Amino acid sequence: MAAKNVGNPYDGRIRRAERLATLHPFTQEVLTFYKQIAEFQKSLHARMLSGSKPQVSDKKEGEKNLPALRQELKIEALLPHFQEFLQLVARSAPVTLAESARQLSTQASESWAGILQDYWATSGRDDRPNAAFDQFLPRAFLQPYAEHLAGERVADETSAFPSLCPLCGARPLLGVLRPEGDGGKRFLLCSFCLREWEFRRIFCATCAEETETKLPVYVAEQFPYIRVEACETCKFYLRTIDLTKDGNAVPLVDDLAAIPLSLWAEEHGYSRAQPNLRGT
Ligand SMILES: [Zn+2]
Ligand SMILES: [Zn+2]
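Source: prediction; values computed, not measured.

Another aspect to go through is the pairing of strand E6 (residues 236-242). Taken across its 7 residues, E6 has 6 buried, putting it largely inside the fold. Alignment of strand E5 (residues 223-230) against E6, held across 5 bridges, turns out to be antiparallel. Residue pairing across strands places Val228 opposite Arg239, the latter belonging to E6. In this antiparallel pair of consecutive strands, E5 and E6, the connection spans 5 residues, and Lys235 shows a positive phi of 70°. Pairing of E6 with strand E7 (residues 271-272) involves 2 bridges; the strand directions are parallel. Counterpart to Tyr237 in the pairing with E7 is Arg272.

In structure tokens form, the structure reads like this:
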């Protein structure tokens, strides 16, 4: 059974971002921005909880083949909050992203709906990796909603595709090793709804390689609890946050802080299957 977030996960993420920014000064810029996003997400999440349950609307044609969680986007309930989010990004993001938020904020809400619906239907599911820059806005905005829906569901642990999220069908963002007995049990963390599901240890989540010698693991001195799990066969890698080595780590946040690992992987010819919010 996958570990579940208990209570409000945003406070833990915000505190961890503050802590890591102190430990690693080179993460300050990224994590200060992330903290503002997480604070917005926290307040959006609270508004979702306090709002009345939206009416179940008729499913549109084309939605029927999507995993159940992907059929539940109540766009009308979310759109009123999008302008506030765009303004936050325009104020506090790095310059290029800020500019794209500013431009989008001048457009009509129909075009916002199109962008959000497209992201909701496709993210993490098609063959190309997320185009991180283009997806930042819908991704950061919709993440609390996806996570909220996932929290209300029981996962179908007998998914036919063990490398994909049992709830929403997205590819994993990260691996997570959680303490169990004398060792660790491996989970994958969904790139879309943040659900965790159990997964084999020696197995490439991208191409299903299972020969141990083709799956080298690299660890950097600065982040001894983050494993870069590479695959010689497909040249993709998955990052795994090892909570048996650092129980204070918050996978989503520590991943954003591990900037040197992205550079290292790039130099060695490995690509990440699903980039994080920072785009690497
Ligand atoms: Zn998912
Ligand atoms: Zn592979």
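Moving on, we get to the environment of Thr213. By secondary structure assignment, the location of Thr213 is in the loop between strand E3 (196-198) and strand E4 (217-220). Of the residues examined, Thr213 reaches a relative accessible area of 71% and is grouped as exposed. Sequence separation between Thr213 and Glu232 is 19 residues; the distance between their C-alpha atoms is 8.8 Å.

With that settled, consider empty space enclosed by the protein. Taken as a whole and assessed by the stated rule, the structure comprises 2 cavities of 30 Å³ or more. As a volume, the largest cavity reaches approximately 150 Å³. Taken together, 13 residues make up the lining of the largest cavity; nearest its centre are Arg139, Gln143, Leu173, Leu252 and Leu277. Approximately 50 Å³ is the volume found for the second largest cavity. Lining of the second largest cavity is provided by Arg171, Pro172, Ala205, Thr206, Leu238 and Ala273.

Reading the values: rules and limits
Chains are numbered independently. Their residues run from 1 in the order of the written sequence. Whichever chain is written first is A, and whichever ligand is written first is 1; the rest continue in order. With pLDDT at 70 or above as the cut-off, local features in this predicted model cover only qualifying residues; side-chain atom pairs require 80 or more to be listed or tallied, and sums for whole chains, interfaces and linings still use all residues. Side-chain measures here rest on the full set of heavy atoms in the structure, leaving out hydrogens and waters. Throughout this description, buried means an accessible area under 20% of the type-specific maximum (1.4 Å probe, protein chains only), exposed means over 50%, and partly exposed covers the range between. Secondary structure elements follow DSSP: runs of H or I of four or more residues count as helices, runs of E of two or more count as strands, with numbering from the N terminus. Here, a strand pair is defined by DSSP locating no fewer than two bridges between the strands. A 1.4 Å probe that fits but cannot get out identifies a cavity on a 1 Å grid over protein atoms alone, an open set with protein on both sides within 12 Å along at least five of seven lines counts as a pocket, and a residue lines either if it has an atom within 4 Å of a point. Grid points are joined across faces, edges and corners, and a volume is the space filled by probe spheres set on the points.

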